[in-house]
Amino acid sequence: MLLKNLIENCPENLQEIYVGNIAFREEQCTRDTLFFRLGDKYSEAEAIKRGACCIVTENPAESTVPVIAVNSVRKALAYASAGFYGNPQNGMRFAGITGTNGKTTTSFMLASILSCAGIKTGIIGTLGAYIGREKIFFGGMTTPDPPELFRTLDTMRRRGVECVVMEVSAHALALEKTEPLFFDVAAFTNLGRDHMDFFGDKAHYAAAKEKLFGENRRKYAVINADDEEGRKIISENPSDVIT
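Residues numbered from 1 in each chain as written. Predicted model: local features only at pLDDT ≥ 70, side-chain atom pairs only at ≥ 80, totals over all residues. Heavy atoms only, no water.

Draft legend 1. Structural view of unusual backbone geometry. Of note, the phi angle at Asp 32 is positive, near 65°, even though the residue is not glycine. On the secondary structure map, Asp 32 appears in the loop between β1 (21-23) and β2 (33-36). Despite not being glycine, Asn 87 shows a phi value in the positive range, around 50°. Positionally, Asn 87 belongs in the loop between α2 (73-84) and β5 (93-98). (Helix = DSSP H or I, 4+ residues; strand = E, 2+ residues; numbered from the N terminus.)

Right, dumping it as structure tokens:
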């Protein structure tokens, strides 16, 4: 895969660089890796030592390999991961479910209904990734990081999955993991008080979940209107909403 197919507005002199892997942790790097530097937690020097051929960062500095500056390295990682695996989201339909509680139960119920209707369905969520009843991946996260997410979607596409039911966590939305995806249906279960160590307060937690319901992210929305946050989402995104 050439770099120009993975990075928007790729500098002309870097467009023909070959990319054989995508990573954001140095231990994931092998030869010809496109390395996305997410802050200071991971070592750029170690990534290069392990085979990184190019660095993508928000804070460019001198390096022994080419460096590309982007506004959002997390968004760039998501789109590059999708492109690296051939944009597997194209040709499949997506149902995304967010909320503090009930995501897993709702996703398995919906997947069962779709399967009974004769639609080959995949699931991605807290319990792992499934095609039908077969578990194909377990990464320990509700919504996998982009390289794993789009590799999993590529596997599903290759095996004929027509619809993917996903748990979309607030973390995933805040960290832009699912940016390349458009959801045919986005569902909201409820909002509790969770993950305050990451979000700081309930308002920021809610704001992350609300990102799933903008009209540029979904076609239809199914909202629990008995929940206060659900009513807020409806008032701010009133088109094509089912309650």
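So, next bit.
Draft legend 2. How the structure looks around helix α8 (residues 228-236). Turning to α8, its buried residues are Glu 229, Gly 230 and Ile 233. Down the axis of α8, the buried set is contained in an arc of 105°. They therefore lie on one face. When the buried face of α8 is taken as reference, the exposed residues oriented beyond 90 degrees from it are Glu 228 and Ser 235. Residues of α8 that are buried make contact with β10 (183-188), α7 (202-210) and β11 (218-223). Capping the start of α8, Asp 227 holds a side-chain oxygen 2.8 Å from the backbone nitrogen of Glu 229, two or three residues further along. (Buried < 20%, exposed > 50% of the residue type's maximum accessible area, 1.4 Å probe, protein only. Arc of directions from axis to C-beta. Contact = heavy atoms within 4.5 Å. Polar contact = N/O pair within 3.5 Å; in protein donor to acceptor, adjacent residues only side chain to side chain.)

Draft legend 3. The layout of surface pockets, seen in detail. Quantified by volume, the largest pocket comes out at close to 350 Å³. Ile 7, Glu 8, Val 70, Ala 76 and Tyr 79 are, among the 15 residues lining the largest pocket, the residues nearest its centre. At the level of elements, β4 (67-69) and α2 are the ones that each hand at least two residues to the lining of the largest pocket. Here the lining of the largest pocket is composed, by residue class, of 7 nonpolar, 6 polar and 2 charged. (1 Å grid on protein atoms, 1.4 Å probe; cavity = no way out; pocket = protein on both sides within 12 Å on 5 of 7 lines; lining within 4 Å. Points joined across faces, edges and corners; volume = space filled by probe spheres on them. Nonpolar A, V, L, I, M, F, W, Y, C, P; charged D, E, K, R; others polar.)

Draft legend 4. How the structure looks around the side chain of Ser 81. Secondary-structure assignment places Ser 81 in helix α2. Classification of Ser 81 by relative accessible area gives buried; the value is 1%. Leave out the neighbours within four places in its chain, and Ser 81 touches Ile 22, Pro 146, Pro 147 and Phe 150.

Draft legend 5. Expanded view of the pairing of strand β9 (residues 163-167). Counting buried residues along β9, 5 of its 5 residues qualify, which places the element largely inside the surrounding structure. Pairing of strand β6 (residues 121-125) with β9, which is carried by 4 bridges, proceeds in the parallel orientation. Within β9, the position partnered with Gly 122 by the bridge is Val 164. (Pairing = 2+ DSSP bridges.)

Draft legend 6. Fine view of the pattern of salt bridges. The full count for this structure, using the stated rule, is 12 salt bridges. Salt-bridge contacts for Asp 32 lead to Arg 31; the nearest nitrogen and oxygen are separated by 3.9 Å. (Salt bridge = Lys/Arg side-chain N within 4 Å of Asp/Glu carboxyl O.)

Draft legend 7. Geometry of the sheet that holds strand β8 (residues 134-137). Taken together, 8 strands build an open sheet; the order of strands is β8-β7-β6-β9-β5-β10-β11-β12 and the sheet is mixed. Of all the strands in the sheet, the pair left with one neighbour each is β8 and β12 (241-242). Bridge analysis of β5 against β10 gives 4 bridges, and the strand direction is parallel. Note that in β10 the partner of Thr 98 across the bridge is Phe 188. Relative to the sheet, helix α4 (residues 146-158) contacts β5, β6, β7 (128-131), β8 and β9, its axis offset from that of β6 by approximately 165°. (Axes fitted to C-alpha atoms, helices over the stretch in contact; angles between N-to-C directions.)

Draft legend 8. Just the nonpolar core, in detail. Among the nonpolar cores identified, the biggest contains 61 residues, and Leu 3, Leu 34, Phe 36 and Leu 153 are the most heavily contacted of them. Non-local contacts of Leu 153, meaning those with residues more than four positions away in its chain, are made with Pro 88, Met 92, Phe 94, Ile 124, Val 164 and Leu 181. Judged by nonpolar contacts, the second largest core, of 9 residues, contains Ile 97, Leu 114, Tyr 130 and Ala 187. (Core = buried A, V, L, I, M, F, W, Y, C linked by side-chain atoms within 4.5 Å.)

Draft legend 9. The arrangement of the side chain of Asp 227 in detail. Following the sequence through the fold, Asp 227 ends up in the loop between β11 and α8. No salt bridge is formed by the buried Asp 227, whose closest oppositely charged neighbour, Arg 231, lies at an N-O distance of 6.9 Å. Once residues lying within four places of it in the same chain are set aside, the contact partners of Asp 227 are Phe 188, Asn 190 and Leu 191. (Lys, Arg positive; Asp, Glu negative; His and termini not counted.)

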